[in-house]
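Structure assessment
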Number of protein chains: 2
Amino acid sequence: MSADEFAVIRDLFAPHATSAGARALRDDAAVLETQGKVVITTDTIVEGVHFLASDPIETVAMKALRVNVSDIVAKGARPVAALLNLVWSDARASAEIATFAEAFGRDLKFFGVDLIGGDTTSTPGPLTISVTLIGKPLGARVPARADAQVGEDVWLIGGEIGSAWLGLHLRKGELSLARLREGRDEMQAQMESRALAQTMPDYLKLPQEDFDAEAAWLMTAYLAPFVRPECASIVSKFASASMDVSDGLVVDAGKLAEASGVGLRIEINAVPFAIPAERWAFTGGDVRKLITGGDDYVVLFTAPSELRGAIEASEGSQALRLARIGMVEPGQGVTVVDAKGQAIAIPDAGYSHKLGH
Amino acid sequence: MSADEFAVIRDLFAPHATSAGARALRDDAAVLETQGKVVITTDTIVEGVHFLASDPIETVAMKALRVNVSDIVAKGARPVAALLNLVWSDARASAEIATFAEAFGRDLKFFGVDLIGGDTTSTPGPLTISVTLIGKPLGARVPARADAQVGEDVWLIGGEIGSAWLGLHLRKGELSLARLREGRDEMQAQMESRALAQTMPDYLKLPQEDFDAEAAWLMTAYLAPFVRPECASIVSKFASASMDVSDGLVVDAGKLAEASGVGLRIEINAVPFAIPAERWAFTGGDVRKLITGGDDYVVLFTAPSELRGAIEASEGSQALRLARIGMVEPGQGVTVVDAKGQAIAIPDAGYSHKLGH
C-alpha cells in the first residue's frame, strides 16, 4: 500500500474517533484524560490461528474488538477507548478494509468505545489485528485472578458454554448439520424409548424449522462472540477473583486456581451449556470437548458464599445466564465432577487457542 | 507453540513488569493509576516491511519499543508503561524469544518504562510486533501536529538526518562500504584540488581507521534508532506543533503542514545531516534521498520566533543536535530551498515506510 492508501485508511477509521483526545487519528499519540484507575488490555488475533481465512471480514473486525471487551468486562469495568493495529495482508484486496472499518466502527459504537489511535501497515503474511482496550472500573476494586479464597462459590456469567466450539467445528466442516440434526432426533428417540420424555426439558425440543437458525447462531457465537458488557456490574459488586473464559473453561479455571493458589471444583451438571451443546453431548458427543474448547467469552468469578442470595437476585442475572458451577477448595488445579461427585478425567486441557484444536 | 510454551514466554517478560498494576502479566488486564492527562500511542513493525529478516533479534526488540518512544517524546512526554503484542513467526526458533525478551527488557529499563501487559501468539507469517506505549506529559499542554502558526520557526531536535537511511542501504548491500570510503576520499580530493580544503569542516575528516566504526554506527542508527528522551523537556516547554520524523523529513513535515493548514519552508543547508550523509551527498549522492528516506526518529517542532534565544539556550540543546531548519509560512505543503532560496524539486515524497523504498 502507498502512503496515500494509508491516508485513505485513516480516513475510514477517523469517524469512529470522536473524542478530542483522539485528535481524529491525525497525531502521533492520543491524549487520554483520566482520574484514578483505568484497566488496560491487549489481544491479537491472527488469520489461520484465531480465525479462518474464510471468515467474513465483518465478524473478524467484531472478534478483534470483542476478545478485548471480554477482558475488560471480566475486570468489572466499562470499555471506553481503543487503539487498533491493523496489519493488512497483501493477499487481501485493500477495498475490503472499508468493510472492516465499518464493522469495527459499528461494534465500537455498540460497546460505547471511542477509537483513539492505532496503526495500519501491510504484511506479506496473514491478516493480523491487535486491539488495545482501556476500561473504567465500575467499582473501587479491580478483581484479579489471584483473589479467590477457599470456601467461595465459583460462578459463570455472560452466556453459555459450547456454542462457539460447535460453531467452529460446523464452520470447519468437522461437524455436520446432519450430525447435529441426527443428534437431536436420536436424543428425542432415546428419551421417548426409555420413557424419559417427561424429564426432557422443553427447551431441548427445538422445532425442526428452526434448525438452520440454530446452526447460524452457533457459527455466529464462534465468529463474533456474544460479549455482554452488563456482566461488569455484577462482577464489580461481588467478585473476589475474576477472569474471562476464552481458552476453554477448564484451562481458564486452571489459571485462576494457579494465580490464587487454590483448587477449583466444578460440577459438570451446573455448567450452563448451550442447548445444542447439551444435546450434542447427550447424544454421544464428548462433553469434555466443550469444557476444554475455546472461544466462550463468558466471565468466571468467585465470591463468598454469603453473597449467594444477593448475586442470584441481581438485576439481569437470568438473562446473563448466571450459574453457580462449583466451589473454591484447598489444593490446586481444577476438578470436574459428575452428578455423583466422581471426578471426570480431563485430557488435553492444554488448549493454546489454535484453530487446530 | 503450546499453552506451556506461552506460559514460559510470559515468565520471560514478567521480570520487566514490576509495577503492582501490571499484576506480573498474570491477569486479563493491567491496572493503571493516573491523575490528569496521559498520552498513548501504538506502532507495529513487521519483518520484511519495517525490518529485515536478518536483523538481529535484539535490535528488532529495541526498534519495536523505540519507534513508540519517539512518538511519546515528540509529544513532550515521558514514557512510563508499555504493552507488547508479540506475534512470533513459526519459522523462527522459539528459543530466540528469550533473547528478544532480554533485549526488550533492557531497553524498557533504559527508557524507564514498565511492562504492564501484552499478548503472545504465533503466526505462519512474518514476525510482527506491536507496542502500545503510555506517557506522562511533562507540561500541561500536549503539542499536536495541528498547532503550527504562520511565522513560527521550524526546528529539529534529537539527532541527525540520514544515518539510518545510509545504514539501511549498507545493510541491504545497495550501498557499499567501498562507495562510502570512495566518497570520503573523493570529497577530500575535490576539496583539496579546488583549494577549498580550508572550508572543509574538520568533523568531515574522519580518520581512516575509524571507518568501520562509522559503518557500524550507521547500521545501528537503522537497526535501533537513537531516540533521545531528553528532547521531551524542550518540546514540552517551547513547541507549538510537534511530531516525530519517522517516515522521512519531507513526508512528515508535509503531515504537520497539512494538519496545521500551513506551509513549511525548509532550508536544506540548515538540516543537521549526519556527517557521513553529508559527505555522501557532497560526493554525488542525491541529498533528496536523505530527506525523503525514513527512520530518522528525531523530533520536528515549531515555535514562535521570539522564543528562538530561549530554545537555543536550553540545556542539552547542542548534544541533542538542535537545529532551526526553516519557517512556517502561509499556503500548504513543504518547500525545500537551497542556499540561494531556490526551491528544490522533491520527487517521491510518498514514502510509505517500506524497506523497498
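Preceding this paragraph is the structure being described.
Here's a quick rundown of the structure. (Residues numbered from 1 in each chain as written. Chains lettered and ligands numbered in written order. Predicted model: local features only at pLDDT ≥ 70, side-chain atom pairs only at ≥ 80, totals over all residues. Heavy atoms only, no water.)

1. Describing the pattern of salt bridges
- Evaluation of the coordinates by the stated rule reveals 38 salt bridges over all chains.
- Across the pair R321 of chain B and E160 of chain B runs a salt bridge whose closest N-O atoms are separated by 2.9 Å. Separated by 161 residues along the polypeptide, R321 of chain B in the loop between α11 (308–312) and β9 (323–329) and E160 of chain B in the loop between β5 (153–157) and α4 (163–171) bring together distant segments of the chain.
- For R321 of chain B, a relative accessible area of 34% corresponds to the partly exposed category.
- E160 of chain B sits in the partly exposed class, given a relative accessible area of 22%.
- Salt bridges sharing partners connect three or more residues here, namely R23, D27 and D28 of chain A together with K75 and R145 of chain B. (Salt bridge = Lys/Arg side-chain N within 4 Å of Asp/Glu carboxyl O. Helix = DSSP H or I, 4+ residues; strand = E, 2+ residues; numbered from the N terminus. Buried < 20%, exposed > 50% of the residue type's maximum accessible area, 1.4 Å probe, protein only.)

2. Describing the interface of chain B and chain A
- On the chain A side, the residues contacting the 57 residues of chain B number 57 residues.
- Carbon and sulfur atoms supply 50% of the area buried between chain B and chain A, which totals about 4400 Å² over both sides.
- Of all residues in chain B, D28, I40 and T42 of chain B bury the most surface against chain A, accounting for 15% of the area lost on that side.
- Taken together, the links from chain B to chain A amount to eight salt bridges.
- Where chain B packs against chain A, one counts 30 residue pairs in polar contact (both at pLDDT 80 or more).
- Put simply, the parts of the chain that give the side of chain B that touches chain A at least two residues each are α1 (3–13), β1 (30–46), β2 (77–89), β3 (114–123), β4 (128–137) and β6 (242–245) of chain B.
- Among the elements that take part in the side of chain B that touches chain A, β1 of chain B stands out by supplying 16 residues, more than any other. (Contact = heavy atoms within 4.5 Å. Buried area = accessible area lost by both parts, 1.4 Å probe. Polar contact = N/O pair within 3.5 Å; in protein donor to acceptor, adjacent residues only side chain to side chain.)

3. Remarks on the sheet that holds strand β3 (residues 114–123) of chain A
- Taken together, eight strands build an open sheet; the order of strands is β3(A)-β2(A)-β4(A)-β1(A)-β1(B)-β4(B)-β2(B)-β3(B) and the sheet is mixed. At either margin of the open sheet sits one strand with a lone partner, and together these are β3 of chain A together with β3 of chain B. For this sheet the average axis-to-axis angle between neighbouring strands, irrespective of direction, equals 20°.
- Lying over the sheet, helix α3 (residues 96–111) of chain A contacts β2 (77–89), β3 and β4 (128–137) of chain A, oriented at roughly 170° with respect to β2 of chain A.
- Across the face of the sheet, helix α2 (residues 57–74) of chain B comes into contact with β1, β2 and β4 of chain B while running at roughly 130° to β1 of chain B. (Pairing = 2+ DSSP bridges. Axes fitted to C-alpha atoms, helices over the stretch in contact; angles between N-to-C directions.)

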